[in-house]
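If you want the building blocks of each chain, they are given just below.
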Amino acid sequence: MKIVKKFFLTGLLCLLAVCVFAQTQDSISVKQGETPTADTVTTKKTLVYLLHADTVSYDKEVMKADAQFLEGNVSFRHDSSYMYCDSAYFFEATNSLEAFSNVRMEQGDTLFVYGNYLFYDGDTQIAYLRENVRMENGQVTLFTDSLNYERIPDIGYYFDGGLIVDSLNQLSSFYGQYSPGTKLAIFNDSVRLENPNFTLYSDTLHYDTESKIATILGPSIIVSDSGTIHSSRGWYNTEANTSLLLDRSEVYSGNRVLIGDSISYDQNAGFGEAFGNMCLQDTAQKVMLEGQYGFYNERTEYAFATDSARFLEYSQGDTLYLHADTLEMMSIDSTAREIKAFYGVRFYRTDMQGVCDSMQFNTRDSILYMYRDPILWNEQYQISGDTIVIYMNDSTIDYAHVIQYAFAVQHLDSTYYNQLKGNDLKAYFEGQAVRQIDVEGNAESIFYPLDNGAMIGLNETKSGFLTIWVKDNALERLKIWPSPQGSLTPIPDLKPEQKTLKDFYWFDYLRPKNKDDIYQVVKRRVEDAPVRSNKFKHEQ
């Protein structure tokens, strides 16, 4: 008898082992020699169970084939998911059901789905809900009329318009997808995100309902009281109102627009920082600030640019192109801007070109200040000194004021130059040409009078004050006072040292040739560095 019991127990254990092995083989499909992974495991099909119904009926001729008709407080269970409704068809053969009226689907204590109609396939574990559908997951609620919910990937999606609402934002689109497990939502086609501070319109948008970060993946517009943002890629933190915008995004604020390869933007602070091909444009003042890096503060209206920085002023058609190592632009009032340039200033306009160490320009009074070794060119004229102030009149120069160490040169031909020198100089323009030059204090001049177009000699003068009038780039009239001194030396008798005044330099090699040449780094030759007072050398 003991032997029989021993064999019975042994056989029972073997049978259990075979059953376990067979069940494992049914639920796992693995290639020979392959290690099982999550991807190679096939989910085992389970049955949908009817938990309760007030009435149950079955009639093939009246109702759907192979269906049980259930009424009153109907409930089902499939794994950890429960379904409730007023009435239903239950298809045991296909492991599926149809539910009608007051449909509710619960999964755990975090996911609740409501609707007027539900078709549920227990084999695929997909729920098809229709009419007045509402999915609730914590603080997130999804509204639509057509929702498919797939339990395996834990994703619900609508395809004919829907709305997702959380504690901060409301998002709508034609197509939407939401995962209760990851709290991530995907929106496509006619996307609209409504926030208390702004509204975002997009083609494609991803949204994290926990972090409140919207990821922009298609053409998008963000509209707020402070301005508008255009972007096709980046992210926006809807809670902190901060963003990183890529792919040449644009931030509009009033008449100003900030553009960059990438822009870090803080809407609350009104601060935008641009990296790569930055451009800040003021469409009202018709000025533009460019650089490889820059930022703009909407509150203070202060802008900064560096690394290939350039300023453009195009209010009167003829554009001024200005380059410096660092550029600043700030608001004076609602109609005027002030621009400051530091280190290696070079600018170009068709009627004038210039170089200096630093510069300041005011759009309200159109005055341009040039500091530290400034040089200004107009056609064949060159003006230099300690400081140059240029007064603009609309699109042209009204006059240029050279303060201290003033020197004006007109290139005539070959090695011949008309020259003016003094403590203070003002050059007046008519159109785009010099019309009159006034020199005050220790005025000196060298001119080459013409007779039938030929130079007859060198006329050198010294006086306290001097005024010349120019017509068609030729000397029309000369006035010197008081107690003028002068001499005329014939051309054949000229010695090389007589042809120039002291401290004469021709800096044409420094002159910007076009709007692109402003980026060239050109330094003064050692022999062209002027020797001046100790005070001036100290400032240098």
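Preceding this section is the structure that the text describes.
Residues numbered from 1 in each chain as written. Predicted model: local features only at pLDDT ≥ 70, side-chain atom pairs only at ≥ 80, totals over all residues. Heavy atoms only, no water.

*Asks:* Give a detailed account of the overall build of the protein chain, specifying residues and quantitative values.
*Replies:* What the protein chain contains, in helices and strands, is 2 helices and 40 strands. Buried residues in the protein chain amount to 46% of all 540 residues. Within the protein chain, counting contacts between residues at least 6 apart in sequence, those at least 24 apart form 38% of the total. (Helix = DSSP H or I, 4+ residues; strand = E, 2+ residues; numbered from the N terminus. Buried < 20%, exposed > 50% of the residue type's maximum accessible area, 1.4 Å probe, protein only. Contact = heavy atoms within 4.5 Å.)

*Asks:* Describe the side chain of Gln-382, listing the residues and the values that go with them.
*Replies:* For Gln-382, the position within the fold is in strand β31 (residues 381-384). Overall, Gln-382 belongs to the buried group, its relative accessible area being 1%. Polar side-chain contacts of Gln-382 include one of 3.3 Å to the side chain of Trp-377. Beyond its immediate sequence surroundings of up to four residues, Gln-382 is in contact with Ile-375, Leu-376, Trp-377, Phe-407, Ala-408, Val-409, Tyr-505, Trp-506, Phe-507 and Asp-508. (Polar contact = N/O pair within 3.5 Å; in protein donor to acceptor, adjacent residues only side chain to side chain.)

*Asks:* Can you tell me about the pairing of strand β29 (residues 367-371), naming the residues and giving the values?
*Replies:* Relative to β29, strand β28 (residues 352-362) runs antiparallel, the two being bridged by 5 bridges. Residue Ser-358 lies in a different strand from β29, and its bridge partner there is Tyr-371. Where β28 folds back on β29, the antiparallel hairpin that results is connected by 4 residues, among which Ser-366 adopts a positive phi of roughly 55°. Judged from the 5 bridges that link them, β29 and strand β32 (residues 387-393) form a sheet pairing that is antiparallel. Counterpart to Ile-367 in the pairing with β32 is Tyr-391. (Pairing = 2+ DSSP bridges.)

*Asks:* Go over the nonpolar core with me, naming the residues and quoting the values.
*Replies:* Judged by nonpolar contacts, the single largest core of 95 residues is most densely connected at Ile-390 and Leu-425. By size, the runner-up hydrophobic cluster in this structure holds 11 residues, among which are Tyr-416, Ile-446, Leu-494 and Trp-506. (Core = buried A, V, L, I, M, F, W, Y, C linked by side-chain atoms within 4.5 Å.)

*Asks:* Give me the lowdown on the pairing of strand β6 (residues 111-121), citing residues and values where you can.
*Replies:* Looking down a regular strand, the side chains alternate between one sheet face and the other. Alignment of strand β5 (residues 96-107) against β6, held across 10 bridges, turns out to be antiparallel. Note on β6: the bridge partner recorded for Gln-107 is Leu-111. In this antiparallel pair of consecutive strands, β5 and β6, the connection spans 3 residues, and Gly-108 shows a positive phi of 65°. Strand direction decides the pairing type here: β6 and strand β7 (residues 126-137), joined by 9 bridges, are antiparallel. Among the inter-strand pairings, Tyr-117 is bridged to a residue of β7, identified as Arg-130. Where β6 folds back on β7, the antiparallel hairpin that results is connected by 4 residues, among which Gln-125 adopts a positive phi of roughly 55°.

*Asks:* Residues and numbers for the side chain of Arg-337, please.
*Replies:* By the element assignment, Arg-337 lies in strand β27 (residues 336-349). Arg-337 gets classed as buried once you look at its relative accessible area, which sits at 4%. Side chain to side chain, Arg-337 and Ser-331 meet in a polar contact 3.4 Å long. From its side chain, Arg-337 meets the backbone oxygen of Asp-333 in a polar contact 3.1 Å long. Leaving out residues up to four positions away in the same chain, Arg-337 has contacts with Arg-256, Asp-282, Gln-285, Glu-301, Met-329, Met-330, Ser-331, Ile-332, Phe-361, Asn-362 and Thr-363.

*Asks:* So, the pattern of salt bridges: which residues are in play, and what are the values?
*Replies:* One pass over the full model with this rule turns up 21 salt bridges. Notably, a salt bridge pairs Arg-299 with Glu-298, separated by 3.8 Å at the nearest N-O pair. Looking at Glu-298, the relative accessible area reads 11%, which means it is buried. Here Arg-372 and Asp-357 are joined by a salt bridge, their closest N and O atoms 3.9 Å apart. Taken as a pair, Arg-372 in the loop between β29 and β30 (375-378) and Asp-357 in strand β28 lie far apart in primary sequence, 15 residues in all. Note on Arg-372: relative accessible area 34%, which makes it partly exposed. (Salt bridge = Lys/Arg side-chain N within 4 Å of Asp/Glu carboxyl O.)

*Asks:* Any details on empty space enclosed by the protein? Residues and values, ideally.
*Replies:* To find leftover empty space, one rolls a probe the size of a water molecule over the atoms. Under the criterion given, the structure shown has 3 cavities of 30 Å³ or more. A volume near 80 Å³ is recorded for the largest cavity. Surrounding the largest cavity, 13 residues form its lining, Tyr-381, Gln-410, Asn-418, Phe-447 and Ile-468 being those nearest its centre. Secondary-structure elements contributing two or more residues to the lining of the largest cavity are β33 (396-413), β34 (416-430), β35 (433-447), β38 (457-471) and β39 (474-481). The class makeup of the residues in the lining of the largest cavity is 10 nonpolar, 3 polar and no charged. (1 Å grid on protein atoms, 1.4 Å probe; cavity = no way out; pocket = protein on both sides within 12 Å on 5 of 7 lines; lining within 4 Å. Points joined across faces, edges and corners; volume = space filled by probe spheres on them. Nonpolar A, V, L, I, M, F, W, Y, C, P; charged D, E, K, R; others polar.)

*Asks:* Any details on the packing of aromatic side chains? Residues and values, ideally.
*Replies:* Scanning the entire structure with this criterion turns up 23 aromatic pairs. Aromatic side chains Phe-275 and Tyr-293 sit 5.4 Å apart centroid to centroid with 55° between the ring planes, which places their arrangement in the tilted category. Placement of Phe-275 in strand β21 (residues 271-282) and of Tyr-293 in strand β22 (residues 287-297) is noted, with a sequence separation of 18 residues between them. Phe-275 gets classed as partly exposed once you look at its relative accessible area, which sits at 36%. Overall, the relative accessible area of 22% leaves Tyr-293 in the partly exposed class. (Phe/Tyr/Trp six-rings, centres within 6.5 Å; stacked < 30°, edge-to-face > 60°.)

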